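# Fold and geometry: a report
What follows is the residue order along each chain.
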Amino acid sequence: MIKGKNISALLSLGMLIAASLFLSAPARAEISSQGAQDFVKSVTDRTLDVLRDKSLSPAKQDKQFSQIVRESLAFKKVGMWALGRYAKTATPAQIQEYLEILDEYIVRVYLSRLRSLSNEKILVTGTQSVGNDIIVLSRVEFPATGRPPVNINWRLVYENGAYKIFDVQALGIWMAQEQRAAFASVISKNNNDVGALIKVLRTKITAPEASVNAANDVKKSAQ
Amino acid sequence: MIRDRLHLFWATLSRGALNAILVCMCGAVLLGGCATRPPESDPVALAEYKETNDPIEPLNRYFFAINSLIDAFVLKPAAVLYDWSLPKPVKNSVRSFFNNLETPVTLANDIFQGEWGRAKTTTTRFAINTTAGIGGLIDWASPMGYPYHSEDFGQTLAVHGVGSGPYLYLPVLGPSNPRDGIGYAADTMMNPMTYVLRGHDKVRFILFTSNAIDRRSRAIEVLDEIERSSVDYYASLRSLSRQRRADEIRNGKPDFESLPDLSASNYGSDDAVEEEPKKM
C-alpha cells in the first residue's frame, strides 16, 4: 500500500528525475550552437520585419531598429575593447561619457551598414567555437539581382545567460576591428587623449544622414 | 606631354616598383614623411605603433589627401555619371570585358599557387566568354557554374609566406604594401596586354581609366558610408583594405584562429596581455 513515506520518496525521485532532465545539458558545444543560431536568426528576422513594414514611418523604423540593435549588442564589452590600451589612461568620467556616446554611434553605424542587406534572405548555416565565444555563420542571398551570396559571420559572447553580438564580419571585414583601428588612430594623434575621440564621436552622431530610409533613397536613385 | 609622362609612369612601374618605393621611402625620411617612432619609455604608444605598422604614415596621409582630391573632383563624378547614365547590361559588359582581359594574370597566379581547380575555372571562363561572350562582353560562364575570381602576384607571394610589410598608400593605386606593389609590377610584366599595347599609350590610358571608373562606380555607396561613419577615414580604410586583402589571399576561406582573444581583455584591457596584431 502507498503510504506517506512512499509518496514522499516517490515525489523526491520524481523531482530528482525532473531536475536532472531540466538541468542536465548535453555537451556545452551543442547547446551553445543551437542557441547561438537561434539568436542570430531571431535578430535578423526581427530586423527584416521592421525594415519591410511599410506601415511604419521612417522615424519609427529607425527607433525600432535601434531597439533591436541595443538589445542584441554587447555594448560595454565592445566599447571597452575598442578603446584597447587607452582604456587604462582614460579617467572614469571619460569612460562613462565615451560609453554613452558610443551607444548612439554604434546604433547608427550598424543601421547604415546593415540596411543594405535588409531586403534579402539571410540563411544561418552553422557555428564554430572560438575560445569562450561562438561564431555563427550565415549567408545573404540576392535572388532578385543574381548577385553572388555574401557570407556574414557573427561573433557572439555569452553574458548573464544571454547571447550578445560582439562583432560582425562581411566580405572578410570585422566591423569592430575596423572601428578599433580608427579609434586608436584618433586617440594616438591627440596625445593619447580619449577626450578627442569623444569629441569626434559626438560630431558623428549629430550628423543627419545616418537613417535607414535616407540610405535607401540613395540606393534607389543609383539603380 | 601626357603621352611621355604616361610612358615614364609605366616604364618606372615595370622596371621595378621596388626602386620607386625605395625612392619614396628615402624621400619620406628626408621630407619628414616618417612617423615618429615612440620611445621605449612609452610602451603603450610603442605597442600601438608596432601593431599599426604604418611607419610612413604622414607620407601615406599626404598621398591619401591627394588621391581624395582627385577622387572628389575627377573620379567619383565620372563614376556617378557612368553609373547613372548607362543601363545595367552595358555596365555589366564593361566589367565582364575587363575581368576577361585580366585572365592571363589570374591564370598564371592560379598555377603559381597550385590552385588547379581554380585554374581550370579561369581557363573555362576565358574560353566561353571570349568566344560566345564576344570578346568578354557577355559573361555566360558565371551562370553556368564557373564563378569569377581574380588572382595576382601579390597574393601568390603571400601564399608562399611573404609578409606584407608596412602599409603603403600609393598614389593612384591606393591602399597597398611593398609586397603587393612588387606583385603589381610583376603582373604588369607578365600581362601580354602590356606588350600588345606598347606604343599605344592613349589606348592603354583609356582602358586603365574606364576600368577605374567602373570599379569606382561599384563602390560609391560603400565608401560614402564608411567615410560618413568613420572617426578617421584614413585609418578605417587602412584596416578595411588589410582585412579585405587577407580575405582575398585566403580565397574567402574563414580564418577564425587569428581573432583577438577576448578572454584576455576584461573591461579595460590589460597591457600585459597583447592581442595578436592583424597583419597580412
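Just so it is clear, the model here is predicted, and its values are computed rather than measured. (Residues numbered from 1 in each chain as written. Chains lettered and ligands numbered in written order. Predicted model: local features only at pLDDT ≥ 70, side-chain atom pairs only at ≥ 80, totals over all residues. Heavy atoms only, no water.)

## Re the overall build of chain B
Looking only at helices and strands, chain B features 13 helices and 2 strands. A burial count over chain B gives 42% of its 280 residues as buried. Within chain B, counting contacts between residues at least 6 apart in sequence, those at least 24 apart form 64% of the total. Of the roughly 15000 Å² of accessible surface on chain B, 67% is carried by carbon and sulfur atoms. (Helix = DSSP H or I, 4+ residues; strand = E, 2+ residues; numbered from the N terminus. Buried < 20%, exposed > 50% of the residue type's maximum accessible area, 1.4 Å probe, protein only. Contact = heavy atoms within 4.5 Å. Areas by Shrake-Rupley, 256 points an atom, 1.4 Å probe, with all protein chains shown as cover.)

## Focus on the overall build of chain A
For chain A, the count of helices and strands is 8 helices and 5 strands. When the helices and strands of chain A are placed in sequence order, the string is α-α-α-α-α-β-β-β-β-β-α-α-α. Scored against the burial criterion, the 223 residues of chain A give a buried share of 47%. Pairs at least 24 residues apart make up 53% of the contacts formed inside chain A by residues separated by at least 6 positions. Accessible area of chain A: about 11600 Å², with a carbon and sulfur share of 58%.

## Structural notes on the packing of helix α6 (residues 175-189) of chain A against helix α13 (residues 233-249) of chain B
For the pair α6 of chain A and α13 of chain B, the least separation of the axes is 8 Å and the interaxial angle reads 145°. By crossing handedness, the relation of α6 of chain A to α13 of chain B is classed as right-handed. On the side of α6 of chain A, the interface is formed by Gln 177, Glu 178, Ala 181, Ala 182 and Ser 185 of chain A, while α13 of chain B contributes Ala 235, Ser 236, Arg 238, Ser 239, Leu 240 and Gln 243 of chain B. Of the residues assigned to the contact of α6 of chain A with α13 of chain B, the class counts are 4 nonpolar, 5 polar and 2 charged. (Axes fitted to C-alpha atoms, helices over the stretch in contact; angles between N-to-C directions. Left-handed = near helix turned anticlockwise from the far one by under 90°. Nonpolar A, V, L, I, M, F, W, Y, C, P; charged D, E, K, R; others polar.)

## What about the interface of chain B and chain A?
With 39 residues of chain B in contact, the opposing surface of chain A contributes 48 residues. Each partner contributes to the roughly 4000 Å² buried at the junction of chain B and chain A, and carbon and sulfur atoms together form 54% of this total. One can count 3 salt bridges joining chain B with chain A. Between Glu 51 of chain B and Arg 85 of chain A there is a salt bridge whose closest N-O contact spans 3.4 Å. (Buried area = accessible area lost by both parts, 1.4 Å probe. Salt bridge = Lys/Arg side-chain N within 4 Å of Asp/Glu carboxyl O.)

## Points about the pairing of strand β2 (residues 133-142) of chain A
Residues and elements named next belong to chain A. Of all 10 residues making up β2, 7 are buried, and the element is well covered by its neighbours. Bridging between strand β1 (residues 121-130) and β2 involves 9 bridges; their strand directions are antiparallel. The residue of β2 that forms the bridge with Gly 126 is Leu 137. Where β1 folds back onto β2 in an antiparallel hairpin, the turn is made up of 2 residues, including Gly 131, whose phi is positive at roughly 60°. Pairing between β2 and strand β3 (residues 147-159): 8 bridges, direction antiparallel. The partner of Val 136 across the bridge, within β3, is Trp 154. (Pairing = 2+ DSSP bridges.)

## Looking at the sheet that holds strand β4 (residues 162-170) of chain A
Within the open sheet, the 5 strands sit side by side as β1-β2-β3-β4-β5 (chain A). Their pairing is antiparallel. Both outer strands of the open sheet, β1 and β5 (173-174) of chain A, are each paired with one neighbouring strand and no more.

## So, the environment of Ala 59 of chain A
With respect to the element layout, Ala 59 of chain A can be found in helix α3 (residues 58-72). In this structure, the C-alpha to C-alpha distance between Ala 59 of chain A and Ala 82 of chain A, residues 23 residues apart in sequence, is 29 Å.

## Quick notes on the environment of Thr 123 of chain B
You can see Thr 123 of chain B is positioned in helix α7 (residues 116-131). Sequence-wise, Thr 123 of chain B and Thr 106 of chain B are 17 residues apart; in three dimensions their C-alpha atoms are separated by 9.6 Å.

## Describing the nonpolar core
Residues Tyr 98, Tyr 105, Leu 156, Ile 165, Phe 183, Leu 197 and Leu 201 of chain A are the most contacted members of the largest nonpolar core, which totals 60 residues. If one sorts the elements of this core by residue count, helix α5 (residues 92-114) of chain A sits on top with 10 residues. Ignoring anything within four residues of it in the chain, the contact list for Phe 183 of chain A reads Ala 82, Tyr 98, Leu 102, Tyr 105, Leu 197 and Leu 201 of chain A together with Val 231 of chain B. Counting 14 residues, the second largest nonpolar core, distinct from the first, contains Ile 173 of chain A together with Leu 168, Tyr 233 and Tyr 234 of chain B. (Core = buried A, V, L, I, M, F, W, Y, C linked by side-chain atoms within 4.5 Å.)

## Regarding unusual backbone geometry
Positive phi, normally seen in glycine, also occurs at Leu 171 of chain A, with a value near 55°. Along the polypeptide, Leu 171 of chain A turns up in the loop between β4 and β5. Non-glycine residue Asn 251 of chain B carries a positive phi angle of around 55°. Turning to its location among the elements, Asn 251 of chain B is positioned in the segment after α13.

## A few points about the packing of aromatic side chains
For the structure shown, the criterion picks out 13 aromatic pairs over all chains. With a centroid separation of 5.4 Å and 70° between ring planes, the pair formed by Trp 81 of chain A and Phe 166 of chain A is classed as edge-to-face. In this pair, Trp 81 of chain A sits in helix α4 (residues 75-83) while Phe 166 of chain A sits in strand β4, placing the two residues 85 residues apart along the sequence. Neither Trp 81 of chain A nor Phe 166 of chain A differs from the other in exposure class; each is buried. Following the ring pairs from residue to residue traces out a cluster consisting of Phe 64, Tyr 167, Tyr 169, Tyr 233 and Tyr 234 of chain B. Across from the ring centre of Trp 81 of chain A, 4.7 Å away, lies the NZ or CZ of Arg 180 of chain A, which sits over that ring. (Phe/Tyr/Trp six-rings, centres within 6.5 Å; stacked < 30°, edge-to-face > 60°. Lys NZ or Arg CZ within 6 Å of the ring centre and 35° of its normal.)

## Brief notes about the pairing of β4 of chain A
Consecutive side chains along a regular strand alternate between the two faces of the sheet. Residue and element names in this part refer to chain A. Across 8 bridges, β3 lies against β4 in antiparallel orientation. Each bridged residue has a counterpart across the sheet, and for Asn 153 the counterpart in β4 is Gln 169. Sheet topology note: the β4/β5 ladder contains 2 bridges and is antiparallel. Of the residues in β5, the one forming a bridge with Gln 169 is Trp 174. What sits between the antiparallel neighbours β4 and β5 is a turn of 2 residues, in which Leu 171 has the positive phi angle 55°.

## With respect to the confidence of the model for chain B
For any part of a model where pLDDT is low, the fine detail of the predicted coordinates should not be relied upon. Residue and element names in this part refer to chain B. Per-residue confidence for chain B gives a mean pLDDT of 86, with 83% of residues at or over 70. Confidence drops under a pLDDT of 50 for residues 268-280, and excluding neighbours within four residues, the segment shows 28 contacts in the predicted structure. Our summary of model confidence lists the complex with pTM equal to 0.80 and ipTM equal to 0.78. (pLDDT = per-residue confidence, 0-100.)

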